[in-house]
Amino acid sequence: PTKEGTGKKESAYCVILPLRCILLRNKNPEAFVRFTQLEDHLNERMNTPLYRILSANLLTFIKTIMGFSEWSDDEVLRVAARLDTNTFEVRQTTARQKLRAIYTNAAMISHDCVSNARHTFDDQLQILFIAKQKIAKGEIIATSYTQPLKSTLMRRQHLSQAKCFECTCARCKDPEELGTFAGAILCSR
């Protein structure tokens, strides 16, 4: 959504999902407890430029404008950090805008740059995981948290910034990227 005539996004929209999560504490305590058990990586995010801005804007909105003064700064920022760590971007042909959603069980699925599963969404916005190959009983189901067509450098940078971990999968360890040479420079001659 944009401000009429300006083309700028409404800054208030970035607080709606954190606000909904905060409201869960009273509306659906069981769902809120499941949400609080998700990883947040707040310590790694705290001194980034994004979190300095988020800290000022989100805290002011939640605590002052919305009146949730009983929430500590740390609690509010942990909500935002959990969302940044665990949400899925919902891509659907019927959706007109970008959607972010939290699926607490799906957030537990492992990452691998050469995943054995992928996710999609149905018409009711339920997340579905589809095996890309045969997965043996007891084998870890893994999906990619990043774009697989990007080079190792780009994937690792995204995972470090967005998900706060260093990927050590077989593809990231291999300088030839499992024979794909995705980050290689082509000779111009």
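Presented here is a report on the structure given in the accompanying data block. Predicted model only: the values in this text are computed from it and were never measured. (Residues numbered from 1 in each chain as written. Predicted model: local features only at pLDDT ≥ 70, side-chain atom pairs only at ≥ 80, totals over all residues. Heavy atoms only, no water.)

Quick notes on unusual backbone geometry
Trans is the prevailing form of peptide bonds, just as negative phi is the prevailing case for residues other than glycine.
And then number 1: In this structure, Glu-177 takes a positive phi of about 50° despite not being glycine.
And then number 2: Positionally, Glu-177 belongs in the segment after helix 7 (170-173).
And then number 3: We classify Glu-177 as buried; its relative accessible area is 5%.
And then number 4: With a phi close to 50°, Phe-181 is a non-glycine residue in the positive phi region.
And then number 5: Within the secondary structure, Phe-181 is located in the segment after helix 7.
And then number 6: Residue classification places Phe-181 among the partly exposed residues on the basis of a relative accessible area of 45%. (Helix = DSSP H or I, 4+ residues; strand = E, 2+ residues; numbered from the N terminus. Buried < 20%, exposed > 50% of the residue type's maximum accessible area, 1.4 Å probe, protein only.)

Quick notes on the packing of aromatic side chains
Each pair of aromatic rings is reported with the distance of its centres and the angle of its planes.
And then number 1: If you walk through the whole model with that rule in mind, you get five aromatic pairs.
And then number 2: Aromatic pair Phe-32 and Phe-35: ring centres 6.5 Å apart, planes at 45°, arrangement tilted. Remark: Phe-35 and Phe-32 occur in helix 2 (residues 29-36); sequence separation between them is three residues, near one turn of the helix. Pair check on accessibility: Phe-32 and Phe-35 agree, each one buried.
And then number 3: Taking 5.9 Å as the distance between ring centres and 35° as the angle between the ring planes, the aromatic pair formed by Tyr-103 and Phe-121 counts as tilted. Within this pair, whereas Tyr-103 is found in the loop between strand 2 (99-101) and strand 3 (110-111), its partner Phe-121 is found in strand 4 (residues 117-121), the two being separated by 18 residues in sequence. When sorted by exposure, Tyr-103 lands in the same class as Phe-121, which is buried.
And then number 4: A network of ring pairs unites the aromatic residues Phe-32, Phe-35 and Trp-71 as a single cluster. (Phe/Tyr/Trp six-rings, centres within 6.5 Å; stacked < 30°, edge-to-face > 60°.)

Details of the environment of Thr-48
And then number 1: Mapped onto the elements of the fold, Thr-48 is located in the loop between helix 3 (42-45) and helix 4 (49-65).
And then number 2: Here the alpha-carbon distance between Thr-48 and Gln-161, two residues 113 residues apart in the chain, equals 9.4 Å.

Quick look at the pairing of strand 4
And then number 1: Relative to strand 5 (residues 127-131), strand 4 is paired through five bridges, and the arrangement is antiparallel. Residue pairing across strands places Arg-118 opposite Ile-130, the latter belonging to strand 5.
And then number 2: Once strand 4 ends, the chain turns through five residues before running back antiparallel as strand 5, passing Leu-125 with a positive phi of about 65°. (Pairing = 2+ DSSP bridges.)

Let's talk about the pattern of salt bridges
And then number 1: For the structure on display, the rule yields ten salt bridges.
And then number 2: Glu-75 is paired through a salt bridge with Arg-25; the nearest N and O atoms lie 3.8 Å apart. One end of the pair, Glu-75, is in helix 5 (residues 73-86); the other, Arg-25, is in helix 1 (residues 16-27), with 50 residues separating them in the sequence.
And then number 3: The partner of Asp-74 in a salt bridge is Arg-78, with the nearest N and O atoms 2.9 Å apart. Linking Asp-74 with Arg-78, this pair stays in helix 5, spanning four residues, or about one helical turn.
And then number 4: One network of salt bridges, with partners in common, ties together Asp-40, Asp-74, Arg-78 and Arg-82. (Salt bridge = Lys/Arg side-chain N within 4 Å of Asp/Glu carboxyl O.)

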